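# Coordinate analysis (summary)
Each chain is listed here by its residues.
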Amino acid sequence: MNRITFGAGDGFHSLLRARVHAYFESTGLDRRDSVAMVVKSAVILGGFVLTYVLLVFEVTTWPGALALSACLGLAIAAIGFNIQHDGGHGAYSRHRWINKAAAITLDLLGGSSLIWAHKHNGLHHTFTNIPGHDDDINLGLIGRLSPHQPHRWWHRWQHLYLWPLYGMLPIKWQFFDDFADLAGRGRGDHSLPRLTPADWLVFVGGKVIFFSLAFALPLQRHSFAAVIGCYVVTAMVQGIVLSVVFQLAHCVEEADFPAAAASNAGMGPWANHQLATTVDFSRSNGLLSWLLGGLNFQVEHHLFPRICHVHYPQLSAIVEQTCRDCGVPFRSHPSFLAGVVSHYRWLRRMGQDPAAAGPRALPVLLPVLGEKEIALLPSR
Ligand SMILES: [Zn+2]
């Protein structure tokens, strides 16, 4: 696999960092350790516990159980967006143990904070949208998210079938991916590093607690069918919400999808790469920003992943102004819906067969292809 290194900075990133530093100096605000985050975490975790207790110990009807399962899926997604994500990046607190505690909420919910940190912090945040390096754009044979990934005939319908499949992702992580990644450690260019005894304890302990909460405890009070049904609804809601929010940041028409270049030539500075591959949405919606843990400000998150997300709205104005001053494109959708439509259109575009775009097909396809795809078409 090609080694990717980024070009030297051209002054944009250092100017941006200086302006953000000046913002925190002038306001006296802490980059992490925000009281607002502690309150928010308590509200979200309280909502999760309340929903789980009602679902397992109180509800007696199918409609009530399904509604609570959907609420539980939303609560889990909120924990992921707000608490686990900040903790995993070391953005929750200056204290390592607080970040660790926030990050391992993922282990209690069936994922692995260890594997997430490796793939998300190490690969996705460094090699955003580069196939073979960014695992977030790797859907295997099921989907094609980059023009540099191979096309399969069934991808022509991916803009329709991928949405429900997003809901299956938590089930795949919980039952397959984490164990496969663990089994494959030490192999390949981006495999997991060696695990310490503490890592093993968190991984195994997390799985035991998750399977106990999801299956063993509910099975003491409910039928097998009821437990499986509620688990599937919870996982589907969680998976669709998590996937769509993350896909809007990178897998949209406005984002770039660089190839894993044969040489380092052409790979620009890292900060410019983040701005080219990342898109904000709905920046003026305070409620959405609160619920999504600032993940509608993914540009700011990718540039400053170790700053707590409660500061992103203010940082966004600084980033946008600095982009304007330096002539760097800043990309944002005005609303959540605009981002969803753009993701749908990108899936449909990537589902088109590039090999079919010969001389006769080209005029038909031109309106739905961007410059990047047209450049990849076979020459006439
Ligand atoms: Zn992140």
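What comes next is a walk through the structure. Residue positions within a chain follow its written sequence, with the count starting from 1. Only residues with pLDDT of at least 70 are given local features in this predicted model, and only at 80 or more are side-chain atom pairs given and counted; all residues enter the totals for whole chains, interfaces and linings. To obtain the side-chain values, all non-hydrogen atoms of the structure were included, while hydrogens and water were left out.

To continue, consider unusual backbone geometry. If you check the backbone angles, Asn129 has positive phi at about 65° while not being a glycine. Each helix corresponds to a stretch of at least 4 residues labelled H or I by DSSP, and each strand to a stretch of at least 2 residues labelled E; elements are numbered beginning at the N terminus. Topologically, Asn129 is positioned in the loop between α6 (113-124) and α7 (158-166). Of note in the backbone geometry, Ser282 takes a positive phi value of approximately 50° without being a glycine.

Moving on, we come to the coordination of the zinc ion. The coordination sphere of the zinc ion contains the protein donors His85 (NE2), His89 (NE2), His120 (NE2), His125 (NE2) and His301 (NE2), at a distance range of 2.0 to 2.2 Å. Coordination partners: N, O, S within 2.8 Å of the metal, 3.2 Å for Na, K and Ca; water not considered, so apparent gaps in a site are possible. Of note, the donors binding the zinc ion are all from one chain and are spaced H-x3-H-x30-H-x4-H-x175-H. Of this pair, His85 sits in helix α3 (residues 62-88) while His301 sits in helix α13 (residues 298-303), placing them 216 residues apart in sequence. Per residue, the accessibility class of His85 equals that of His301, and both read buried. Exposure is judged per residue with a 1.4 Å probe applied to protein chains only, and the accessible area is read against the type maximum: over 50% gives exposed, under 20% gives buried, and values in between give partly exposed.

Let's shift gears to the environment of Pro131. Residue placement: Pro131 occurs in the loop between α6 and α7. Here the alpha-carbon distance between Pro131 and Gln149, two residues 18 residues apart in the chain, equals 7.0 Å. Filtering out sequence-adjacent residues up to four positions away, Pro131 remains in contact with Ile137, Ser146, His148, Gln149, Pro258 and Ala260. By the convention used here, residues are in contact when the closest approach between their heavy atoms is within 4.5 Å.

Whenever Lys or Arg places a side-chain nitrogen within 4 Å of a carboxyl oxygen from Asp or Glu, that contact is recorded as a salt bridge. Per the counting criterion, the structure on display carries 12 salt bridges. With a closest N to O distance of 2.9 Å, Arg345 and Glu253 form a salt bridge. Of this pair, Arg345 sits in helix α15 (residues 336-351) while Glu253 is found in the loop between α10 (224-250) and α11 (270-277), placing the two residues 92 residues apart along the sequence. Because the salt bridges share partners, they merge into one network encompassing Asp30, Asp33 and Arg94.

By secondary structure assignment, the location of Met350 is in helix α15. With a relative accessible area of 1%, Met350 lands in the buried category. Between the C-alpha atom of Met350 and that of Gln149, which follows or precedes it by 201 residues, the distance is 9.2 Å.

Packed helices, taken two at a time, are described by the angle between their axes plus the distance between the axes. Only C-alpha atoms enter the line fits that serve as axes; for helices the fit covers just the stretch in contact. Angles between N-to-C directions range over 0 to 180 degrees. Where α10 contacts α15, the axes come no closer than 9 Å and their chain directions differ by 80°. On the basis of the axis angle, α10 is roughly perpendicular to α15. Between α10 and α15, the residues in contact are Val244, Gln247 and Leu248 and Phe336, Gly339, Val340 and His343, respectively. Amino acids are sorted into nonpolar (Ala, Val, Leu, Ile, Met, Phe, Trp, Tyr, Cys and Pro), charged (Asp, Glu, Lys and Arg) and polar (every other residue, Gly among them). A breakdown of the residues in the contact of α10 with α15 according to their chemical character gives 4 nonpolar, 3 polar and no charged. With respect to orientation, any angle under 35 degrees is reported as roughly parallel, any angle over 145 as roughly antiparallel, any angle of 65 to 115 as roughly perpendicular, and every other angle as oblique.

With that settled, consider helix α8 (residues 169-183). A residue's bend is simply the angle between two axes: one fitted to the seven residues ending at it, one to the seven starting at it. Of all the bends in α8, the greatest, near 45°, is centred on Phe176. Against α6, α7, α9 (197-219) and α10 lie the buried residues of α8.

Right, let's talk about a nonpolar patch on the surface for a bit. In this scheme, patches are assembled from residues that exceed 30% relative accessible area and form no salt bridge. Like charges are connected within 9 Å, while nonpolar side chains (Val, Leu, Ile, Met, Phe, Trp, Tyr) are connected within 5 Å. Using a 1.4 Å probe, accessible areas were evaluated by the Shrake-Rupley method; residue-level cover was limited to the displayed protein chains. Together, Val49, Val53, Phe57, Leu108, Ile209, Leu213 and Leu217 make up a nonpolar patch on the protein surface, roughly 500 Å² of accessible area in all. Taken together, the elements giving at least two residues each to the nonpolar patch come down to α2 (35-58) and α9. For Ile209, the location among the structural elements is in helix α9. Since its relative accessible area comes to 38%, Ile209 is described here as partly exposed.

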